[in-house]
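Descriptive structure summary
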Amino acid sequence: MNNVVDVIMNRMSLRKYDERPISREHADVILECAMRAPTAGNMMLYSIINIEDQNKKKILSKTCDDQPFIADAPLVLVFLADYQRWYDYYVHSDVHSYCKSKGIDFEGPSEANLLLASCDAIIAAQNAVIAGEALGIGSCYIGDIMENYETHRELLNLPKWVFPVGMLCMGYYPAGYNRVKRERFDKKYIVHTDSYSDLYKENFKETFKDIEKRFKAENKYDADNMGQLHYAFKTGADFSKEMARSVKEALKNWSSEKIK
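Just so you know, these numbers come straight off a predicted model, no measurement behind them.

**Some remarks on the overall build of the protein**
- When helices and strands are counted, the protein shows 13 helices and 4 strands.
- The C-alpha extent of the protein, read off along each of the three principal axes, is 65 × 45 × 40 Å.
- Taken over 260 residues, the protein has a buried fraction of 38%.
- A fraction of 79% describes how many contacts in the protein between residues 6 or more apart in sequence connect residues 24 or more apart.
- Working note: accessible area of the protein is about 15900 Å², and carbon and sulfur atoms make up 52% of it.
- Computed over 35 positive and 38 negative side-chain charges, the inter-centroid distance for the protein is 1 Å.

Okay, structure coming up:
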């Protein structure tokens, strides 16, 4: 099998790391590979913060849904959707006067710009993941960085048009670590031809068979089936509600406001 394909097919989320620090050479390779990721219009609508301050790692391990392993990760990278850099460049280039001379509005970034920048940031993050895997460095995505917007904005000194969309915890695999890959949905339920298909509706049990193996009749949520249990601990959980609140708060900045 092609080496790149082999690396991708054997990737798994790693939450326990060897104590060795990431070498400077390997960290540089990971970051350079991240920056070679595809990007909309070659604008690179993202920034990356390497969290080296141990106290900040500890704070993030609390604010990102109380996950202690974050504080132990040798390398923690926060990926930011970043339109601030381009907005500041437009201001520097006197785009305001240009727009005025042409009779058009000079507008701040919109929700669409946030989505585009988020795509850029996550694509860059995945490049970092694959580069790390190729070097024997595992990783785990932390989507909870989108929670607690106000706290993270202050902690990371984020300007108005920058939002944290993902965080990677990375470290070398421990010696003798047993890789256990989680099952995925069958391809026929994920990959469609020409238009969307809801084939899964014909057999929910078969579609969700691997997930339903985790169901236990006795559970703290008093759920009768895996769908109820999953909603209780995931989609309907407090952290999900906080994430929704946090994103709504951040979205207030991305409203295409007219710059006067």
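**Comments concerning the layout of surface pockets**
- Space inside the largest pocket adds up to approximately 1300 Å³.
- Of all the secondary structure elements, the ones that give two or more residues to the lining of the largest pocket are α1 (3-9), β3 (137-142), α11 (209-212), α12 (226-235) and α13 (238-251).
- Estimated volume of the second largest pocket: approximately 160 Å³.
- Surrounding the second largest pocket, 14 residues form its lining, P21, I22, K57, P74 and L75 being those nearest its centre.
- Looking at the lining of the second largest pocket residue by residue, the classes come out as 7 nonpolar, 2 polar and 5 charged.

**With respect to the UniProt feature "domain: Nitroreductase" (unreviewed entry) in the protein**
- Under the feature "domain: Nitroreductase" (unreviewed entry), the UniProt entry names residues 8-172.
- Note that residues 8-172 is 46% helix and 18% strand, and that its end C-alpha atoms are spaced 16 Å apart.

**A word on the sheet that holds strand β2 (residues 75-82)**
- On the basis of which strands lie adjacent, the open sheet formed by 4 strands has the order β1-β2-β4-β3 and antiparallel pairing. Edge strands, defined here as strands with exactly one partner in the open sheet, are β1 (46-50) and β3. Across this sheet, the average inter-strand angle for adjacent strands is 25°, counted without regard to direction.
- Pairing geometry for β3 and strand β4 (residues 162-172), over 6 bridges, is antiparallel. Bridging from a neighbouring strand, S139 pairs with M170 of β4.

**Overview of helix α7 (residues 111-134)**
- With 24 residues, α7 should reach 34 Å at 1.5 Å per residue; the first-to-last C-alpha distance of 35 Å fits that figure.
- Immediately beyond the C-terminal end of α7, within one or two residues, lies G136, with a positive phi of roughly 80°.

**Some words on the environment of D66**
- If you trace the backbone, D66 turns up in the loop between α3 (54-63) and α4 (69-72).
- Along the backbone, D66 and H96 are 30 residues apart, and their C-alpha atoms lie at a distance of 44 Å.

**Concerning the nonpolar core**
- Core analysis: the biggest nonpolar cluster contains 35 residues, and I30, F79, L168 and M170 have the highest contact counts within it.
- Elements that contribute at least two residues to this core include exactly α2 (24-35), β2, α6 (95-102), α7 and β4.
- Among the elements that take part in this core, α7 stands out by supplying 7 residues, more than any other.
- Contact partners of F79, with chain neighbours within four places excluded, come to A34, S47, I48, A121, A124, A125, A128, F163, P164, V165, G166 and L168.
- If you look at the next biggest cluster of nonpolar residues, it comprises 22 residues, including L60, A73, V76 and C140.

**Brief notes about the packing of aromatic side chains**
- One pass over the structure, following the stated rule, counts 10 aromatic pairs.
- Measuring from ring centre to ring centre gives 5.9 Å for W86 and Y90, while their planes differ by 55°; the resulting arrangement is tilted. With W86 and Y90 both in helix α5 (residues 84-92), this residue pair falls 4 residues apart, about one helical turn.
- Relative accessible area serves as the criterion here: at 23%, W86 is assigned to the partly exposed category.

**Details of unusual backbone geometry**
- Non-glycine residue D66 carries a positive phi angle of around 50°.
- A positive phi angle, close to 55°, is found at N157, a residue other than glycine.
- Take N157: it is sitting in the loop between α8 (149-155) and β4.

Conventions we followed
- Residues numbered from 1 in each chain as written.
- Predicted model: local features only at pLDDT ≥ 70, side-chain atom pairs only at ≥ 80, totals over all residues.
- Heavy atoms only, no water.
- Helix = DSSP H or I, 4+ residues; strand = E, 2+ residues; numbered from the N terminus.
- Buried < 20%, exposed > 50% of the residue type's maximum accessible area, 1.4 Å probe, protein only.
- Contact = heavy atoms within 4.5 Å.
- Areas by Shrake-Rupley, 256 points an atom, 1.4 Å probe, with all protein chains shown as cover.
- Lys, Arg positive; Asp, Glu negative; His and termini not counted.
- Charge placed at Lys NZ, Arg CZ, Asp CG, Glu CD.
- 1 Å grid on protein atoms, 1.4 Å probe; cavity = no way out; pocket = protein on both sides within 12 Å on 5 of 7 lines; lining within 4 Å.
- Points joined across faces, edges and corners; volume = space filled by probe spheres on them.
- Nonpolar A, V, L, I, M, F, W, Y, C, P; charged D, E, K, R; others polar.
- UniProt positions renumbered as here; feature names shortened; annotations may be inferred.
- Pairing = 2+ DSSP bridges.
- Axes fitted to C-alpha atoms, helices over the stretch in contact; angles between N-to-C directions.
- Expected span 1.5 Å × (residues − 1).
- Core = buried A, V, L, I, M, F, W, Y, C linked by side-chain atoms within 4.5 Å.
- Phe/Tyr/Trp six-rings, centres within 6.5 Å; stacked < 30°, edge-to-face > 60°.

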